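Listed below are the residues making up each chain.
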Amino acid sequence: MQLVVNGLIYGIIVALSTMGLTITTKILDFFNFAHGSIMTVAAYLVFFFSVINGIPLIISVLLAVVFTVILSLILDKMIYSHMRQAESVALLMTSVGVTFCLRSLLKVFFGSGVKGYDLPVRKAINIVGLRITVYQIIIIIVSLVVMFLIHFFMTKTKIGKSMRAVADNVDLARISGIDMERVYRWTWVLGTALAVLAGFFLALDTRLVPMMGWNILIPVFVAMVIGGIGSIYGAVIGAMIVGLSMEIAAGFIPPTYKLGISFLMMIIVLLWRPMGIFKESKLK
């Protein structure tokens, strides 16, 4: 049961990141490999503001959201916007280049060593024999609230409905008068904000290293495929399957093989449902 709890916590973190990547992938029509590096940049920004400059942690997280969103918008303006009509493979390879650039910059400014947030050590809470920290409880509560807000935003707001329309049929959305550039900007804002939270929570629960975003990118990709590419709800379910399977497997096999377990779960699900659990193409 302790492995199940650990899997749920890891799955929630993966879910936040997968939701963000699902939104950008479906609307922008390419798999953004730099998503993991954006997570890492955000986590280091929180470290920079809170530990190096002594700013309260909550404010540091908000500042990290603002600066990381600005970074994503700059990358879109300078690079991705000029390649809207290019093949998705070209955009994918461009995002790989952005990934290595961001990772190198992090190593230059912060080094490659392990770092952590300057937070007091909290004794784990024992609930019917299961150990869970205060920080993990915060991760669960905040993540659930954010997931509800994303659902509300995508289904009830005008811009959310426009984003879903673009994801469904970009040509029809353009003919209908939807401001495409505004939708693209909101796509980056939403996807990046989710990446910021996922990166911060991952560093809070594990450790802060330049490779952390790259390491979680494979479970995120697997979760997105399992859930069905384009489905936000599927992203959450896929992430929970990945998180639970990886953490439970770690109790029986060496941890280095956990990634293999996530791919095994993907194969099993795709043999059952080749298009993923939610095979609908609409962003929902």
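Residues numbered from 1 in each chain as written. Predicted model: local features only at pLDDT ≥ 70, side-chain atom pairs only at ≥ 80, totals over all residues. Heavy atoms only, no water.

Our working definition: UniProt positions are given in the numbering used here, feature names are shortened, and annotations may be inferred rather than shown by experiment.
Where an unreviewed UniProt entry is consulted, the chain appears under the name Branched-chain amino acid ABC transporter permease, with the organism given as Iocasia fonsfrigidae. As its UniProt record puts it under Sequence similarities (unreviewed entry), the chain is described as follows: "Belongs to the binding-protein-dependent transport system permease family. LivHM subfamily." Entered under Subcellular location (unreviewed entry) in the UniProt record, the comment concerning the chain runs "Cell membrane".

**Some remarks on the packing of helix 1 (residues 2–28) against helix 10 (residues 232–249)**
Operational definition: All axes here are fitted lines through C-alpha atoms, helices being fitted over the stretch that makes contact, and every angle between N-to-C directions spans 0 to 180 degrees. Labels follow the DSSP assignment, with helices taken as runs of H or I lasting at least four residues and strands as runs of E lasting at least two, numbered in each case from the N terminus. By definition, turning the near helix anticlockwise from the far helix through less than a right angle yields a left-handed crossing, and turning it clockwise yields a right-handed one. Residue type decides the class: Asp, Glu, Lys and Arg count as charged, Ala, Val, Leu, Ile, Met, Phe, Trp, Tyr, Cys and Pro as nonpolar, and the leftover types, Gly among them, as polar.
Following both chains from N to C, one finds helix 1 and helix 10 inclined at 145°, their axes separated by 7 Å at the closest point. In the packing of helix 1 onto helix 10, the handedness of the crossing is right-handed. Taken together, the residues of the contact of helix 1 with helix 10 sort by class into 17 nonpolar, 6 polar and 1 charged.

**Overview of helix 2 (residues 35–52)**
Our working definition: In this analysis, the expected span of each helix is defined as 1.5 Å times one less than the number of residues it contains. Relative accessibility decides the category of a residue: with a 1.4 Å probe and only protein chains considered, values under 20% of the type maximum give buried, values over 50% give exposed, and everything between is partly exposed.
The end-to-end C-alpha distance of helix 2, which contains 18 residues, comes to 25 Å, matching closely the 26 Å that a straight helix rising 1.5 Å per residue would cover. Within helix 2, 15 of the 18 residues are buried, leaving the element largely enclosed by the surrounding structure. The positive-phi residue at the C-terminal boundary of helix 2 is G54, with phi of around 70°.

**Structural notes on the side chain of H35**
Condition: The term polar contact refers here to a pair of N or O atoms within 3.5 Å; inside protein, the definition further demands a hydrogen-donor-capable atom paired with an acceptor-capable atom, and it admits residues adjacent in sequence only when both atoms are side-chain atoms. Only heavy atoms matter for contacts: two residues are in contact if any of them lie within 4.5 Å across the pair.
Structurally, H35 is set in helix 2. With relative accessibility at 4%, the residue H35 sits in the buried group. A distance of 3.0 Å separates a polar atom in the side chain of H35 from the backbone oxygen of S17. In contact with H35, other than residues within four places in its own chain, are S17, G20, L21, G191, A195 and L217.

**Focus on the environment of I140**
With respect to the element layout, I140 can be found in helix 5 (residues 134–156). The class of I140 is partly exposed, set by a relative accessible area of 24%. C-alpha of I140 to C-alpha of A239: the two residues are 99 residues apart in sequence and 14 Å apart in space. Among residues more than four places away in sequence, those in contact with I140 are I9, I12 and I132.

**Quick look at the packing of aromatic side chains**
Applicable threshold: Here the aromatic set is Phe, Tyr and Trp, taking the six-membered ring for Trp, and pairing holds for ring centres within 6.5 Å; pairs whose planes are under 30 degrees apart are stacked, those over 60 apart are edge-to-face, and all others are tilted. Whether a charge lies above a ring is judged from NZ of Lys or CZ of Arg, which has to be within 6 Å of the ring centre and within 35 degrees of the ring normal.
In this structure the tally under the stated criterion is 13 aromatic pairs. Judged by centre distance (5.4 Å) and plane angle (40°), the rings of F30 and Y80 are tilted. Of this pair, F30 sits in the loop between helix 1 and helix 2 while Y80 sits in the loop between helix 3 (57–78) and helix 4 (88–110); the two residues are 50 residues apart in sequence, bridging distant segments of the chain. For the pair shown, F30 and Y80 are each scored as buried. Their ring planes at 15° and their centres at 5.3 Å tell us that Y80 and W188 sit as a pair that is stacked. Linking Y80 in the loop between helix 3 and helix 4 with W188 in helix 8 (residues 180–205), this pair joins segments that are 108 residues apart in sequence. Comparing Y80 with W188 shows no difference in burial state: the two are buried. Taken together, the ring pairs connect F31, F33, F100, W214 and F221 into an aromatic cluster. Cation over ring: R103 sits above W214, and NZ or CZ is 5.2 Å from the ring centre. For the cation-ring pair, R273 lies above W272, with the distance from its terminal atom to the ring centre recorded as 5.7 Å.

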